[in-house]
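# Residue-level structure breakdown
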Amino acid sequence: PIPVFPMFSSLADNLDATFRNLRGVGRISEKNISDALREIRLALLEADVEYKVAQTFIENVKKKAVGEDVLKSIKPGELIVKIFHDELTTLLGGDQAPLDLNPPARILLCGLNGAGKTTTAGKLALRLKKEGRRPLLVACDLYRPAAIDQLATIAEQVDVPCYTPEAGEKNVVKVAKAALKWAKRQSGSCIIFDTAGRQEVDQTLVKELQDLHKFLKPNETLLVADAATGQQAVKVAQTFDEAVGLSGIVLTKLDGDARGGAALSMRAVTGRPIKYVGEGEKLDQFNEFHPDRMAGRVLDMGDTVSMVEQVAEHFDEEKAAKAAKRLEKGRFDFNDFLEQMKMLQNLGPLEGLLGMLPGFNKIKKQLPSGALDSKRIKHMEAIVLSMTPRERTRPEIIKGTRRKRIASGSGRTLLEVNQLLKQFGMMRKMMKSKGKMKNMMKQLGALGGGNMGGMEDLMGGMDGKGGPKLPF
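Residues numbered from 1 in each chain as written. Predicted model: local features only at pLDDT ≥ 70, side-chain atom pairs only at ≥ 80, totals over all residues. Heavy atoms only, no water.

## Side note on the packing of helix α10 (residues 231-244) against helix α11 (residues 261-270)
Direction vectors running N to C along α10 and α11 enclose 30°, while the axes themselves pass 9 Å from each other. In terms of orientation, α10 lies roughly parallel with respect to α11. For the crossing formed where α10 meets α11, the hand is right-handed. Of the residues in α11, those in contact with A233, V234, A237, Q238 and D241 of α10 are A262, S265, M266, V269 and T270. Partitioned by chemical class, the residues of the contact of α10 with α11 number six nonpolar, three polar and one charged. (Axes fitted to C-alpha atoms, helices over the stretch in contact; angles between N-to-C directions. Helix = DSSP H or I, 4+ residues; strand = E, 2+ residues; numbered from the N terminus. Parallel < 35°, antiparallel > 145°, perpendicular 65-115°, else oblique. Left-handed = near helix turned anticlockwise from the far one by under 90°. Contact = heavy atoms within 4.5 Å. Nonpolar A, V, L, I, M, F, W, Y, C, P; charged D, E, K, R; others polar.)

## Looking at the sheet that holds strand β5 (residues 220-226)
Across the sheet, eight strands lie side by side as β3-β2-β4-β1-β5-β6-β7-β8; this open sheet has mixed pairing. With one partner strand each, in any of the chains shown, β3 (162-163) and β8 (286-288) form the two edges of the open sheet. As defined by bridge partners, strand β2 (residues 135-140) adjoins strand β4 (residues 190-195) across six bridges and the pair is classed as parallel. Bridge pairing in β4 places C140 opposite T195. Packed on one face of the sheet, helix α7 (residues 147-158) meets β2, β3 and β4 and runs near 165° to β2. Strands in contact with helix α9 (residues 203-216) are β1 (105-110), β4 and β5; relative to β1, the strand with the most contacts, it is inclined by about 170°. (Pairing = 2+ DSSP bridges.)

## Describing α7
In a regular helix each residue adds 1.5 Å, so 12 residues correspond to 16 Å; α7 covers 17 Å between its end C-alpha atoms and thus fits that length. Listing the buried residues of α7 in full gives A147, L151, I154, A155 and V158. Down the axis, α7 shows its buried residues gathered within 105° of arc, on one side only. Seen from the open side of α7, the exposed residues pointing more than 90 degrees away from its buried face are D149, E156 and Q157. On its buried face, α7 sits against α6 (117-130), β2, β3 and β4. Directly beyond the C-terminal end of α7, a positive phi value near 60° is found at D159. (Expected span 1.5 Å × (residues − 1). Buried < 20%, exposed > 50% of the residue type's maximum accessible area, 1.4 Å probe, protein only. Arc of directions from axis to C-beta.)

## Topic: the pattern of salt bridges
The tally for this structure, following the rule as stated, stands at 14 salt bridges. Here R127 and E131 are joined by a salt bridge, their closest N and O atoms 3.4 Å apart. On the accessibility criterion, E131 (39% relative accessible area) is partly exposed. In this structure, R412 and E416 form a salt bridge, with 3.3 Å as the shortest nitrogen-oxygen distance. Residue class for E416 comes out partly exposed when judged on its relative accessible area of 22%. When salt bridges with common partners are traced through the structure, they connect K31, D35 and R38 into a single cluster. (Salt bridge = Lys/Arg side-chain N within 4 Å of Asp/Glu carboxyl O.)

## Side note on the packing of aromatic side chains
With the rule as written, the count across this model stands at four aromatic pairs. With a centroid separation of 5.1 Å and an interplanar angle of 90°, the aromatic rings of F57 and F84 are classed as edge-to-face. Taken together, the residues F57 in helix α3 (residues 51-65) and F84 in helix α5 (residues 76-93) connect sequence positions 27 residues apart. Accessibility expressed as a relative area gives 0% for F84, which makes it buried. When the ring of Y276 is compared with that of F286, the centres are 5.0 Å apart and the planes differ by 15°; the resulting orientation is stacked. You can see Y276 sitting in strand β7 (residues 274-278) and its partner F286 sitting in strand β8, a full 10 residues away along the chain. Considered together, Y276 and F286 belong to a single accessibility category, that of buried residues. (Phe/Tyr/Trp six-rings, centres within 6.5 Å; stacked < 30°, edge-to-face > 60°.)

## Some thoughts on the pairing of β4
Within β4, six of the six residues are buried, which leaves the element mostly enclosed by the surrounding structure. Burial along β4 is two-sided: the face carrying C190, I192 and D194 and the face carrying I191, F193 and T195 are both buried. Alignment of β1 against β4, held across five bridges, turns out to be parallel. Paired with L109 across the bridge in β4 is D194.

## Side note on the nonpolar core
In a soluble, globular protein the nonpolar side chains are often hidden away together inside. Ranked by size, the top nonpolar core spans 68 residues in total, and within it F193, F240 and L251 carry the most contacts. Per element, the largest residue contribution to this core is eight residues, and it comes from helix α8 (residues 172-186). Leaving out residues up to four positions away in the same chain, L251 has contacts with A225, A227, A263, M266, I274, Y276, V277 and G278. One finds L151, C190, I192 and L222 within the second-largest nonpolar core, a separate group that totals 26 residues. (Core = buried A, V, L, I, M, F, W, Y, C linked by side-chain atoms within 4.5 Å.)

## Notes on the confidence of the model for the chain
For the chain, per-residue confidence averages 75 on the pLDDT scale, and residues scoring 70 or more make up 69% of the total. Low pLDDT, under 50, characterises residues 1-5; the predicted model gives this stretch 31 contacts beyond four residues in sequence or across chains. (pLDDT = per-residue confidence, 0-100.)

## Observations concerning the side chain of T118
Mapping T118 onto the fold places it in helix α6. Residue classification places T118 among the buried residues on the basis of a relative accessible area of 6%. When sequence neighbours within four positions are dropped, the list of residues in contact with T118 reads R144, A147, Q150, L151, I154 and D194.

## Observations regarding the packing of α8 against α9
The N-to-C vectors of α8 and α9 enclose an angle of 30°; their axes lie 9 Å apart at closest approach. The orientation of α8 with respect to α9, classified from their angle, is roughly parallel. Note on packing geometry: the crossing formed by α8 with α9 is right-handed. In this structure, α8 uses V172, V173, A176, K177 and L180 to contact α9, whose residues at the interface are E208, D211, L212, F215 and L216. Each residue belonging to the contact of α8 with α9 can be placed in one class, and the counts come to seven nonpolar, no polar and three charged.

Next up, the structure:
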């Protein structure tokens, strides 16, 4: 989850400044558009987008942006942003297609050392398992020390069977033959092969991969590429594609702080679709790639669809409803608070989640430093865990000496304990006040510069005048 992913934040800032200038022009001319496109081209090149890709992209946008419809429209600036978004979606892969998983599907992962192949194998297995399939993992990296052990450990974590070759085995095709016999006994519906990588593409690596590919005839051959490696990643993708004919790309480390242009160039240069993206170290931080959603993130238009999906996956509706009822009756205590903290932690980094909201990049700059630091949640959790069961149920009894004991037990300062108790008291008071909640939603709408109308309508329904009644 990507505010915009941190990777695209500088590109998003540059594009935002250009589009803001364009929107501010009273009447748009071809010169205005040309000047803006020059700035956008520079922003793309600065972000590491491959030169020819940037050039072609700008030409495509220009063809549509200087048409009569745009120049004479009521909001030409907004229309150009839409054209840019649509072209970016096409660049990232309007031909996006799901994996070919006709059983028994064979998926071959390839890539350089350090790109995250072994972790990606585990992430993909977990994802396919959640989709109701029966994935199997096969270790075919016979060179990197501990690569086989690493895959076996990950397989155990995701509870998926894993084939490991004999110690000292060097013939990868022999390993694959034995693995296929093993796979038949396991009744799996798809087999994921993790292969060896090198620091750079060499002939030995390519030959071994070609032999394995020829023997397996896989349904999918996916390049696992580190999105943070810039232009090198694009060249690597081309080399692997020429060697074995890729069917798709998996981009890893999209939560990193690089410039991100390689991620935008890779599909255009190879003509192969990006299938999945890795957005963090956790095994469940692995998502299908949606070109239109990524384009929205790059342009800081948000990605509320992914946000809703992420929340729905980790959100316990029953527990949330119970907490809401307890809040309504004034019984919400630190035990409920602890439950909500755990739920929040399951959603992943807060910045990543909120970053899917439209315009978040602008709001983020107004927040105090460290406001979205995930450590803060852990600190609050430590304070609550240092309370006695009675104190958690009745926060009002936590006075001077108790506060000192809690601070000492949690390893936090007395100031932090006091702040948490104060904020908790304010939250209880506010959540019970329908008028204050409605007002808060209006303020959020103003801050985001967007329309929170849907949320305000929900809040409006609390007074029994039409909308659905919320439980607080």
